[in-house]
Amino acid sequence: MRLKSTRYSRILHSLYGIRNLFLRAMSTKQRELYPEIEPFHTEHLKVSDLHSIFVEQCGNKTGKPVVFVHGGPGGGIGPKDRKYFDPSVYRIFLFDQRGSGKSTPSAELKENTTWDLVADMEKIREHYGIDKWVVFGGSWGSTLSLSYAETHPDRVKALVLRGIFTLRRRELLWFYQDGASFVYPDKWEDYIKPIPEVERGDIMSAYYRRLTSEDEKTRVEAAKAWSSWEMATSRLLVDDQMLKRAEGDTWALQFARIECHYFVNGGFFKKDGQLLDEVDKIRHIPCTIVQGRYDMVCPAETAWLLHKKWPEAEFHIIADAGHSAKETGIISQLVDATDKYKTL
């Protein structure tokens, strides 16, 4: 009886330990986004003979500058993107990249490369008289943020990077050819439906032919299928609101055409893996890296490789999150990061 009592005592002790760990985890307060704000200034900035980009400013007119770099490429900005930053401290810049959102011409592929966008960020900085700023970007936004920082390290106070994507061929093949399809076979069927089986050996190229077709119906059908695939896989739990976004012709065309344009051109990098290879240029810059463990769009391997090459950067794996910046644990870490850099 004594032996049995001791065993039960140990089991009970273990259960109490698990209970206490659970309660501690539940009591850890997750940070929330800052309240809704409206821009105090908007304009279309002419960046080439062809392109004008939409720029908005929010928050403190004389505050510390931060620039939000949206995803895609082609995703555009939205009102919620303003809410990661303390508006009493930060002068918040947001812009629609070439061909995206309110920028014109819509979904335009000419003069639209990574290096054009890096140059546009410099034009914004110079136009508004900013010396240095915090750069905040997720997904493709992390790609462009790294590209900008490695090109202009003297203009970056700090980096906040989420859902790391460096546009290596390996990353593209995982999501658009063979990889994420194993986890989302039902959504994958919808994604490949517009592509005949004979063309499925290179699905990105097959999509590019349709997205650049002379026929509008062909372009729109391909754009919606391409966009729906990413919207369906971006969160740990499928978000119907994200799926609805892909139903709009204009947004889907911007998102799909520009993404596919960049991807079939290898991001316009001089070599595969360029951003990881050139991390030494920016290792002196304060940085926070936030990555969802179950990110299907930009798997954690890339964030891990960046972390290993940049051990000085703060690194957070969010155990219960996918790709989206709107997931609770990711929001909390991103807001913590922007608060941390308020003092720079």
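Quick note: structure is the one above.
Conventions we followed
Residues numbered from 1 in each chain as written. Predicted model: local features only at pLDDT ≥ 70, side-chain atom pairs only at ≥ 80, totals over all residues. Heavy atoms only, no water. Helix = DSSP H or I, 4+ residues; strand = E, 2+ residues; numbered from the N terminus. Rg over C-alpha atoms; globule rule 2.2 N^0.38 Å. Buried < 20%, exposed > 50% of the residue type's maximum accessible area, 1.4 Å probe, protein only. Contact = heavy atoms within 4.5 Å. Areas by Shrake-Rupley, 256 points an atom, 1.4 Å probe, with all protein chains shown as cover. Lys, Arg positive; Asp, Glu negative; His and termini not counted. Charge placed at Lys NZ, Arg CZ, Asp CG, Glu CD. Pairing = 2+ DSSP bridges. Axes fitted to C-alpha atoms, helices over the stretch in contact; angles between N-to-C directions. Salt bridge = Lys/Arg side-chain N within 4 Å of Asp/Glu carboxyl O. 1 Å grid on protein atoms, 1.4 Å probe; cavity = no way out; pocket = protein on both sides within 12 Å on 5 of 7 lines; lining within 4 Å. Points joined across faces, edges and corners; volume = space filled by probe spheres on them. Nonpolar A, V, L, I, M, F, W, Y, C, P; charged D, E, K, R; others polar. Phe/Tyr/Trp six-rings, centres within 6.5 Å; stacked < 30°, edge-to-face > 60°.

Novice: Would you mind going over the overall build of the protein chain in detail, with residue names and values included?
Specialist: Scanning the protein chain from terminus to terminus reveals 12 helices and 8 strands. The C-alpha radius of gyration of the protein chain comes to 22 Å, within 12% of the 20 Å expected for a compact globule of 344 residues. Its C-alpha atoms give the protein chain principal-axis dimensions of about 85 × 55 × 35 Å. Residue burial in the protein chain is summarised as follows: out of 344 residues, 55% are buried. Considering only intrachain contacts with a sequence separation of at least 6, the fraction spanning at least 24 residues in the protein chain is 74%. Accessible surface, the protein chain as shown: approximately 16,000 Å² in total, 53% of it carbon and sulfur. If you average the places of the 49 positive and of the 48 negative side-chain charges in the protein chain, the two averages end up 7 Å apart.

Novice: Just give me the short version of the sheet that holds strand E4 (residues 90–95), but keep the residues and values in it.
Specialist: Strand order in this open sheet of 8 strands is E1-E2-E4-E3-E5-E6-E7-E8, and the pairing throughout is mixed. On the outer flanks of this sheet lie strand E1 (41–46) and strand E8 (314–318), each paired with one strand and no other. For this sheet the average axis-to-axis angle between neighbouring strands, irrespective of direction, equals 20°.

Novice: Got a sec to walk through the side chain of Arg162? Specific residues and values, please.
Specialist: Structurally, Arg162 is set in strand E6 (residues 156–162). Buried charge Arg162 goes without a salt bridge, the closest partner of opposite sign being Asp295 at 5.5 Å. Discounting residues that sit within four places of it in the chain, Arg162 has contacts with Gly137, Gly138, Ser139, Ser142, Val290, His323, Ser324, Ala325, Ile330 and Leu334.

Novice: Could you give an account of the layout of surface pockets, naming the residues involved and the relevant values?
Specialist: Roughly 880 Å³ of volume is contained in the largest pocket. Forming the walls of the largest pocket are 36 residues, and the residues nearest its centre are Asp81, Met242, Arg245, Ser324 and Lys326. Those elements giving two or more residues to the lining of the largest pocket turn out to be strand E3 (64–69), strand E5 (133–138), helix H7 (216–233), helix H8 (240–245), helix H9 (249–264) and helix H12 (328–340). Looking at the lining of the largest pocket, its residues break down into 14 nonpolar, 13 polar and 9 charged.

Novice: Explain the pairing of strand E7 (residues 287–292) to me, using residue names and the numbers behind them.
Specialist: Among the 6 residues in E7, 6 count as buried, and that is most of the element. Both faces of E7 are covered, namely the face carrying Cys287, Ile289 and Gln291 and the face carrying Thr288, Val290 and Gly292. Both E6 and E7 contribute to a ladder of 4 bridges, which runs parallel. Residue pairing across strands places Leu161 opposite Ile289, the latter belonging to E7.

Novice: Can you tell me about empty space enclosed by the protein, naming the residues and giving the values?
Specialist: For the structure shown, the criterion picks out 1 cavity of 30 Å³ or more. Size it by volume and the largest cavity reaches roughly 80 Å³. As for the largest cavity, its lining consists of 13 residues, of which Phe165, Tyr176, Phe263, Val297 and Cys298 are closest to the centre. Mapped onto the lining of the largest cavity, the elements with two or more residues apiece are helix H4 (169–176) and H9. When residues of the lining of the largest cavity are assigned to their parent elements, the largest contribution, 4 residues, is made by H4. Here the lining of the largest cavity is composed, by residue class, of 8 nonpolar, 2 polar and 3 charged.

Novice: Pulling in residues and values, what's your account of the packing of aromatic side chains?
Specialist: Inspection of the entire model under this criterion finds 26 aromatic pairs. Judged by centre distance (5.6 Å) and plane angle (25°), the ring pair of Phe68 and Phe136 falls under stacked. A residue pair is termed long-range when its members are at least 10 positions apart, and Phe68 in strand E3 and Phe136 in strand E5 qualify at 68 residues. Its relative accessible area of 7% is what places Phe68 among the buried residues.

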